[in-house]
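Understanding the architecture of this molecule
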Number of protein chains: 2
Amino acid sequence: MTTPSVIDLLGVLAYGELTSFERTTYGASIAPTVADKVTLAAVAAHEHANFERISAYLVSLGVNPLDAMEPFVAPLNAFHANLEAKDWLEGLMKSYVGDGIAADFYREISTHLDDQTTELVTDILSDSTLADFAVEHLRSAIATDPKVSGRLALWGRRMMGEMISQATVVAGSRPALQELFLGSVNATELTSLVNKLTVAHARRMDQLGLAS
Amino acid sequence: MTTPSVIDLLGVLAYGELTSFERTTYGASIAPTVADKVTLAAVAAHEHANFERISAYLVSLGVNPLDAMEPFVAPLNAFHANLEAKDWLEGLMKSYVGDGIAADFYREISTHLDDQTTELVTDILSDSTLADFAVEHLRSAIATDPKVSGRLALWGRRMMGEMISQATVVAGSRPALQELFLGSVNATELTSLVNKLTVAHARRMDQLGLAS
């Protein structure tokens, strides 16, 4: 069913995949080995394919993908500008932690949508290649030089804070998205969602041996 | 036929497509509009698909793509480090002029290879989406502000010089590639190849109204 909230969700997801594709490719360009470069480039290409799938789905709903993405361009650009990874490790953390929080959020709210949209969103968010790659490289970097763990723990906390801040801005400016979110969950479910996101975030940080 | 020269050519082409993919995606990330970003991201994804086609072909010949690319990683990285585009327009020029010279060169020497390799190389180099996009945007930028033409003309000449310099280094260190090149063409053909590349370069610069 084509509701404004479905289009909003697909729009933010499409622009999210497009910018993930850019950031993952940047990671490939600064990867320490050509094998790592090849792995990240494949992940980036997959993210671009996700973007194209969402775009095609929007077109099938009679919506121009550029129009659907438009409201989310400025907030997502602001998020990334406020949280620019300074190096290879921070970039990996951003992919693992940042994309992880976003995926949890999209997955939770997509369960309130029609089946076809839920299936598309779930399928797009299911690939864990980048998360696995990031965990492996981050763990090894932390083991080699324990000093990096303090910096990365701080970086992870900043990310959670920045995402909550930008999500609030977006929700405030997009009534349809806010309605999708608040209209479909009651106060108990909202607390439960926030708890779920926080628990999942803590688990990801814990995977790296970092405090959340 | 799997000769060292074929593997060398496929290796340099594979790494070339992988780095083109990175640079085109970087262009997408600084594109002035979301529509331009979407166009460049699609071009980048196509370049990645080309990289995967060449890799699969190398694997079918029993060659590890990482091994085939290895000798060309340092020279191509050096080329790009020496010739870093400072902005959006220089990046477009680099794609149009730099990739154009490389494509002319690969196309010319691939005609001395077996049919299957020639077909793959020709097919991979046939897409003109990026060149068309670059010409359109560069022309419009030059028309809007004629002052940029001097800077871009200089940048085009630097690119030709840098490519000749790096090609000489690569040829000197890869006997198989040099043999493919010099063993298959006589002195007249060599002059003719250099002429062809120069003429094609001048035509590209001319398309933009720039002196070569």
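Summarised in this report is the structure supplied together with it. Model, not experiment: these values are computed from the prediction.

Some thoughts on the overall build of chain A
Scanning chain A for helices and strands turns up nine helices and zero strands. Counting helices and strands in the order they occur from the N terminus, chain A gives α-α-α-α-α-α-α-α-α. Whereas a compact globule of 212 residues would reach a radius of gyration of roughly 17 Å, chain A reaches 17 Å, a difference of no more than 12%. For chain A, the C-alpha atoms occupy an extent of roughly 50 × 35 × 30 Å along the three principal directions. In chain A, once contacts between residues fewer than 6 apart in sequence are set aside, the share between residues at least 24 apart is 82%. Counting only carbon and sulfur atoms, one obtains 57% of the accessible surface of chain A, whose full area is about 9,600 Å². A distance of 9 Å separates the average location of the 15 positive side-chain charges in chain A from that of its 26 negative side-chain charges.

Some remarks on the relation of the copies chain A and chain B
Its rotation angle being 180 degrees, the transformation that places chain A on chain B also includes 0.0 Å of axial translation and leaves an RMSD of 0.0 Å. Such values leave the two copies arranged in the relation of a two-fold axis. The position closest to the rotation axis in chain A is occupied by the C-alpha of Ala45 of chain A, lying 2.9 Å away. Residue by residue, 100% of the interface of chain A is reproduced at the interface of chain B, so both copies engage with the same surface.

Remarks on the environment of Asp132 of chain A
Of note, Asp132 of chain A is situated in helix H6 (residues 129-144). Counting along the chain gives 36 residues from Asp132 of chain A to Tyr96 of chain A, while the straight-line C-alpha distance between them is 8.4 Å.

Reading the values: rules and limits
Residues numbered from 1 in each chain as written. Chains lettered and ligands numbered in written order. Predicted model: local features only at pLDDT ≥ 70, side-chain atom pairs only at ≥ 80, totals over all residues. Heavy atoms only, no water. Helix = DSSP H or I, 4+ residues; strand = E, 2+ residues; numbered from the N terminus. Rg over C-alpha atoms; globule rule 2.2 N^0.38 Å. Contact = heavy atoms within 4.5 Å. Areas by Shrake-Rupley, 256 points an atom, 1.4 Å probe, with all protein chains shown as cover. Lys, Arg positive; Asp, Glu negative; His and termini not counted. Charge placed at Lys NZ, Arg CZ, Asp CG, Glu CD. Least-squares fit on C-alpha atoms with pLDDT ≥ 70 in both.

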